[in-house]
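Notes for the structure review
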Amino acid sequence: MILVTGATGTVGRPLVDALRAAGAPVRAVSRDATAAALPVPVVEADPAQPRSLAEALDGVTALFLHPRAVGAAAADLVALARERGVRRVVALSAMNVDDPLAEQPSRYRGDRNKEAEDAAVGSGLGWTSLRVGAFAGNAVGMFGAQLRAGDVVRYPFPGFAESPIHERDIAEVAARALLTDDLVDQRLDLTGPRSLTHADMVAIIGDVLGRRLRYEEIPVADAAARMVAHGLPEPFVTALMARYTRHADAPQHPPTDDVAKVLGRPARPFAEWVADNAAAFQNADR
């Protein structure tokens, strides 16, 4: 039995599917079981309150640890899992996990990547840490609203480059780590197959959707003000813009081959992710 925290998220949901496809028994965790709409048994509990998961851990052999779902409680949850007989833990983490905490933008949105990885590594269980570079899904937050409204993206740093990874690739690597001994006691650096600039990503979105899109660079202050106005936390926006500035002249997290090594095939290209998520960029009236 495998217990998946963060089971309704962009990694957890395809992970549930990958585990089911492999024939593994899965138990998902959601704070709202009625809203989860998952094809597996769902435990209504809060992973950030580990004791709420005590009974759900009975019979579980492997745990997927999601850094936003468990928050600061990662170490306590892993300790409880060990008490309950869990033998393996796979933590979702990030390639910038060793950077100063203030320079990790996702922390300002609740991700506790370092805590999750440290809890797994120090658990005394078989562990794997999945250090992800850039989620392809970040493109929705950066460009989605503008492309649903028109054909122009107004955003800073068109030349900022990283290697976005399809979340299904993350999920399939996670499934391998949960189901086999192949990846025990390893930190994996997971990226997409190519380093892409922001402008490259917008061009690929246009190619996949059959639209002529334009990237218009705007000042950092203007972009930050827009993002805060649309509800993003100001500390997150500040840290994100600082990250862009620090790495404006060189690709951030160039491609690795860890996905290919684990899955025996290249990582999915960004264009495939766009095709799978085209609705995120399409105006319903078009």
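Described in the following lines is the structure provided in the data block. (Residues numbered from 1 in each chain as written. Predicted model: local features only at pLDDT ≥ 70, side-chain atom pairs only at ≥ 80, totals over all residues. Heavy atoms only, no water.)

**Points about the overall build of the protein chain**
If you tally the helices and strands in the protein chain, you get 12 helices and 13 strands. Structurally, the protein chain occupies a C-alpha span of about 55 × 35 × 35 Å along its principal axes. Put simply, 76% of the contacts in the protein chain that link residues at least 6 apart link residues at least 24 apart. When the accessible surface of the protein chain is totalled, it reaches about 12,400 Å², and 49% of it is carbon and sulfur. Between the averaged position of the 31 positive side-chain charges in the protein chain and that of its 36 negative side-chain charges there is a distance of 2 Å. (Helix = DSSP H or I, 4+ residues; strand = E, 2+ residues; numbered from the N terminus. Contact = heavy atoms within 4.5 Å. Areas by Shrake-Rupley, 256 points an atom, 1.4 Å probe, with all protein chains shown as cover. Lys, Arg positive; Asp, Glu negative; His and termini not counted. Charge placed at Lys NZ, Arg CZ, Asp CG, Glu CD.)

**Some remarks on the nonpolar core**
Counting residues in hydrophobic clusters, the biggest one holds 34 residues, and the most contacted among them are Val4, Leu15, Leu19, Phe64, Val173, Leu178 and Leu190. Among the elements that make up this core, the one with the highest residue count is helix α7 (residues 167–179) (seven residues). Of all hydrophobic cores here, the second largest spans 33 residues; its members include Ala136, Tyr215, Ala224 and Leu232. (Core = buried A, V, L, I, M, F, W, Y, C linked by side-chain atoms within 4.5 Å. Buried < 20%, exposed > 50% of the residue type's maximum accessible area, 1.4 Å probe, protein only.)

**Focus on the packing of aromatic side chains**
Throughout the structure, instances matching the rule amount to seven aromatic pairs. When the centroid spacing of 4.8 Å and the interplanar angle of 55° are considered together, the rings of Phe160 and Tyr244 count as tilted. Within this pair, whereas Phe160 is found in the loop between β8 (152–155) and β9 (161–162), its partner Tyr244 is found in helix α10 (residues 234–246), the two being separated by 84 residues in sequence. Here the aromatic rings of Phe270 and Trp273 are separated by 5.6 Å at their centres, their planes lie at 15°, and the arrangement is stacked. Remark: Trp273 and Phe270 occur in helix α12 (residues 270–276); sequence separation between them is three residues, near one turn of the helix. Look at Phe270 and you get buried, because its relative accessible area is 5%. Grouped by ring-pair contacts, the aromatic residues Phe143, Tyr155, Phe157, Phe160, Tyr215 and Tyr244 constitute a single cluster. We note Arg109 situated over the ring of Phe236; from NZ or CZ to the ring centre the distance is 5.2 Å. (Phe/Tyr/Trp six-rings, centres within 6.5 Å; stacked < 30°, edge-to-face > 60°. Lys NZ or Arg CZ within 6 Å of the ring centre and 35° of its normal.)

**Things to note about unusual backbone geometry**
You will see that Asp185, though not glycine, has its phi angle at about 60°, which is positive. Its location among the elements puts Asp185 in the loop between α7 and β11 (186–190). Given the relative accessible area of 46%, Asp185 is considered partly exposed. We note that His253 has phi near 55°; this positive angle belongs to a residue other than glycine. As for its placement among the helices and strands, His253 is situated in the loop between α10 and α11 (258–263). For His253, a relative accessible area of 15% corresponds to the buried category.

**Examining the pairing of strand β2 (residues 26–30)**
Within β2, five of the five residues are buried, which leaves the element mostly enclosed by the surrounding structure. Sheet topology note: the strand β1 (residues 2–4)/β2 ladder contains three bridges and is parallel. Across the sheet, residue Leu3 finds its bridge partner in β2, namely Arg27. Read from β1 through helix α1 (residues 12–21) to β2, the crossover connection turns out right-handed. For β2 and strand β3 (residues 42–44), the ladder comprises three bridges, and the chain directions are parallel. Residue pairing for β3: Ala28 is matched across the bridge by Val42. (Pairing = 2+ DSSP bridges. Right-handed = clockwise from strand over helix to strand, strands pointing away.)

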